Amino acid sequence: MLSRQIASKLGAYETPFYLYDMALLRQTLESVVYESKRYGYHLHYAIKANYDDRILATIREYGLGIDCASGNELQKAIEAGFNPKTIVYAGVGKKDKELRYAIEQQILAINVESLEELYLLDRLSAEAGRITDVALRINPDIDPKTNHCIDTGQADSKFGISYEEILEHTEELKALKNLKLIGIHLHIGSQIRELHVFENMCLKVNLIVENLERLGFSFRFVDVGGGLGVNYDVPENEPIPNFASLFAIIHNHLKVGDREVHFEFGRAIVAECGELITRVLFNKTTATGRRLLIVDASMTELIRPALYGSYHNIENITSESELPKKYTVVGTACESTDVFQENVSLKVSKRGDLIAIKSAGAYGMSMASRYNLHDLPGAVYSDQIE
Ligand code: LLP
């Protein structure tokens, strides 16, 4: 990854910081745009993955729209210059204020996640004197074969409306005067590496769309969400995710006629272009023999390992030693779960060495917190390094 190649230039920056490989981001965007064009697919970027201004500006250059999950994310997308007609907005718990704002912005669609939300949105649209475009987020009950913490489309999940509930209320849905149901939306989970899962998803969508259209609905688009996973184990082997395979699966299995097909990728666009660069503070060994490498980042910069037990590949990019040694890499926060990795093999590491925690461009900075009153980490962009 980039950090190793430019390690000698990174020492000057205050750690911890996110290093973004802007060339890799562009290559990733070129790939996803190129592959999607073969089938005329529509792309949205899930802004929750990383809302860094420069990253957003770069993504906008490639013509993607946005998927957002809060009023503030919607506002951020609009301020970053994205066309509202390319923005979708999902979320199980949208507040009235957020819905009113989204109605005013006349975005592509508000992806509605419960019947109560739908009725409220109808009322708020009437008050605003507007007809609001809406997609129904359906819970398709699919096991995405990923970490349970980040699956979203199984029957007991909080996300989406159950298909059965929609079938029970079709007449009420058709009667909503201030909404236009223009799309079907689903998102089954994140970091999906077993792509055959998407085949099952397509079969479900085919059934849902066919049945609902038979009942008198008519949809302009199907939005199949995001979820394409990245290679956290050996990112060097796969710096750009396999968009071509995913699109081929969708093309071969989704039977939705000439309706538009939309995707909402977050991780697959930005994970690999970001690394968290941190510096070794101290070495110490516990009474039980656990060899700790204490670095100056923590779960406040990158919470994924502490929150989900996620693996990120870690490398000492400045050690002069070639000898490997096992370390448990821990952060500075006052939490015992603030561990980046147990028993990882690194080159012999000493105070001052720079450590790269890879594949951290997605859900890294965007989930950072100020716990322990830590400063938020800075950002360094590859194209601005002298
Ligand atoms: N669309 C919807 C409706 C979503 O909820 C999400 C992610 C995406 C698209 C983008 O999914 P992606 O392409 O990034 O898989 N913080 C967790 C991931 C949470 C994902 C939430 N929803 C993590 O660090 O793994």
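Fair warning: this is a prediction, and the values are worked out from it, not measured in the lab. (Residues numbered from 1 in each chain as written. Predicted model: local features only at pLDDT ≥ 70, side-chain atom pairs only at ≥ 80, totals over all residues. Heavy atoms only, no water.)

### What about the overall build of the chain?
And step 1. When you go through the chain residue by residue, the secondary structure sums to 13 helices and 17 strands.
And step 2. Computed over C-alpha atoms, the radius of gyration of the chain comes to 22 Å, within 12% of the 21 Å expected from 2.2 N^0.38 for 386 residues, which places it in the range of a compact globule.
And step 3. With the C-alpha coordinates of the chain rotated into their principal frame, the extents come out at 70 × 45 × 40 Å.
And step 4. Buried residues in the chain amount to 57% of all 386 residues.
And step 5. For the chain, restricting intrachain contacts to residue pairs at least 6 apart in sequence, the fraction spanning at least 24 positions comes to 71%.
And step 6. In the structure as shown, the chain presents an accessible area of about 16600 Å², 49% of it carried by carbon and sulfur atoms.
And step 7. Looking at charge distribution, the chain has the averaged site of its 41 positive side-chain charges lying 3 Å from that of its 53 negative ones. (Helix = DSSP H or I, 4+ residues; strand = E, 2+ residues; numbered from the N terminus. Rg over C-alpha atoms; globule rule 2.2 N^0.38 Å. Buried < 20%, exposed > 50% of the residue type's maximum accessible area, 1.4 Å probe, protein only. Contact = heavy atoms within 4.5 Å. Areas by Shrake-Rupley, 256 points an atom, 1.4 Å probe, with all protein chains shown as cover. Lys, Arg positive; Asp, Glu negative; His and termini not counted. Charge placed at Lys NZ, Arg CZ, Asp CG, Glu CD.)

### Here we look at helix α6 (residues 96-105)
An α-helical segment advances 3.6 residues per turn. Residues three or four places apart therefore align on the same side.
And step 1. Buried residues of α6: Glu98, Leu99, Ala102 and Ile103, and no others. Burial along α6 is one-sided: seen end-on, the buried residues are contained in an arc of 140°.
And step 2. Count one or two residues on from α6 and you reach glutamine 106, which has phi positive near 50°. (Arc of directions from axis to C-beta.)

### Things to note about the packing of α6 against helix α7 (residues 115-128)
And step 1. Closest axis-to-axis distance for the α6/α7 pair is 10 Å, and the angle between their directions is 55°. Comparing their axes, α7 and α6 come out oblique. As for the relative orientation of α6 and α7, their crossing is right-handed in sense. Of the residues in α7, those in contact with Asp96, Leu99, Arg100, Ile103 and Glu104 of α6 are Glu117, Leu120, Leu121, Leu124, Ser125, Glu127 and Ala128.
And step 2. Broken down by class, the residue content of the contact of α6 with α7 amounts to six nonpolar, one polar and five charged. (Axes fitted to C-alpha atoms, helices over the stretch in contact; angles between N-to-C directions. Parallel < 35°, antiparallel > 145°, perpendicular 65-115°, else oblique. Left-handed = near helix turned anticlockwise from the far one by under 90°. Nonpolar A, V, L, I, M, F, W, Y, C, P; charged D, E, K, R; others polar.)

### Overview of a negative patch on the surface
And step 1. A surface patch of like charges, here negative, comprises Asp141, Asp156, Glu164, Glu165 and Glu168.
And step 2. Looking at the secondary structure, you find glutamate 165 in helix α8 (residues 163-168).
And step 3. Overall, glutamate 165 belongs to the partly exposed group, its relative accessible area being 32%. (Patch = residues over 30% accessible without salt bridge, like charges linked within 9 Å, V, L, I, M, F, W, Y side chains within 5 Å. Salt bridge = Lys/Arg side-chain N within 4 Å of Asp/Glu carboxyl O.)

### Some details on the site of the ligand
And step 1. In the region of the ligand, 19 residues are neighbours, and Ser190, Glu264, Arg304, Tyr308 and Tyr363 sit closest.
And step 2. Note that an oxygen atom of the ligand is positioned 2.4 Å from one of the side-chain N or O atoms of serine 190.
And step 3. The fraction of the free accessible surface of the ligand (590 Å²) that becomes covered by protein chains is 92%.
And step 4. Among the detected pockets, the ligand sits in the largest pocket.
And step 5. Looking at the shell around the ligand, the elements with two or more residues in it are β10 (260-265) and α13 (304-308). (Near = heavy atom within 4 Å. Polar contact = N/O pair within 3.5 Å; in protein donor to acceptor, adjacent residues only side chain to side chain. 1 Å grid on protein atoms, 1.4 Å probe; cavity = no way out; pocket = protein on both sides within 12 Å on 5 of 7 lines; lining within 4 Å. Sits in = over half its atoms within 2 Å of the grid points.)

### Some points on the layout of surface pockets
Gaps left between atoms show up when a probe the size of a water molecule is rolled over them.
And step 1. Of the volumes computed, that of the largest pocket is approximately 740 Å³.
And step 2. Lining the largest pocket are 33 residues; nearest its centre among them are Lys48, Ala69, Phe159, His187 and Tyr363.
And step 3. Of all elements in the fold, only β3 (65-68), β10, α12 (267-270) and α13 reach the threshold of two or more residues within the lining of the largest pocket.
And step 4. Of the residues belonging to the lining of the largest pocket, the class tally is 14 nonpolar, 10 polar and nine charged.
And step 5. Counting residues domain by domain, the lining of the largest pocket receives three or more from each of domain 1 (23-271) and domain 2 (273-384). (Points joined across faces, edges and corners; volume = space filled by probe spheres on them. Domains from an automatic or database assignment.)

### Here's the deal with the packing of aromatic side chains
And step 1. As enumerated under the stated definition, the model contains 12 aromatic pairs in all.
And step 2. Between the aromatic rings of phenylalanine 243 and phenylalanine 265, the centroid separation amounts to 5.4 Å while the plane-to-plane angle is 65°, which identifies the pairing as edge-to-face. Placement of phenylalanine 243 in helix α11 (residues 243-253) and of phenylalanine 265 in strand β10 is noted, with a sequence separation of 22 residues between them. With respect to burial, phenylalanine 243 and phenylalanine 265 carry one shared label: buried.
And step 3. Site record: aromatic cluster; members linked through ring pairs are Tyr39, Tyr41, Phe243, Phe247, Phe263 and Phe265.
And step 4. Over the aromatic face of tyrosine 381 sits the side chain of arginine 54, whose NZ or CZ is 5.0 Å from the ring centroid.
And step 5. Here the basic side chain of arginine 291 rests over the ring of tyrosine 327, its NZ or CZ set 6.0 Å away from the ring centre. (Phe/Tyr/Trp six-rings, centres within 6.5 Å; stacked < 30°, edge-to-face > 60°. Lys NZ or Arg CZ within 6 Å of the ring centre and 35° of its normal.)

### Structural notes on the domain arrangement of the chain
And step 1. Segmentation of the chain into domains returns domain 1 (23-271) and domain 2 (273-384).
And step 2. Put simply, the middle of domain 1 and the middle of domain 2, counted by C-alpha atoms, are 33 Å apart.
And step 3. The interface of domain 1 with domain 2 comprises 20 residues on the first partner and 22 residues on the second.
And step 4. Summed over both partners, the interface of domain 1 with domain 2 comes to about 1900 Å²; 50% of that surface belongs to carbon and sulfur atoms. (Buried area = accessible area lost by both parts, 1.4 Å probe.)

### A closer look at helix α4 (residues 53-61)
And step 1. All of the buried residues in α4 are Ile55, Leu56, Thr58 and Ile59. What you see down the axis of α4 is that its buried residues fit within an arc of 165°, all on one side. Opposite the buried face of α4, at more than 90 degrees from it, the exposed residues are Asp53 and Glu61.
And step 2. Looking at the buried positions of α4, the neighbouring elements they touch are β1 (17-20), α3 (22-37), β2 (42-46), β3, α5 (71-79) and α12.
And step 3. Where α4 begins, one side-chain oxygen reaches toward the backbone nitrogen of arginine 54, 2.9 Å away; that side chain belongs to aspartate 52.
And step 4. Looking one or two residues beyond α4, the residue adopting positive phi is glycine 63, at roughly 85°.

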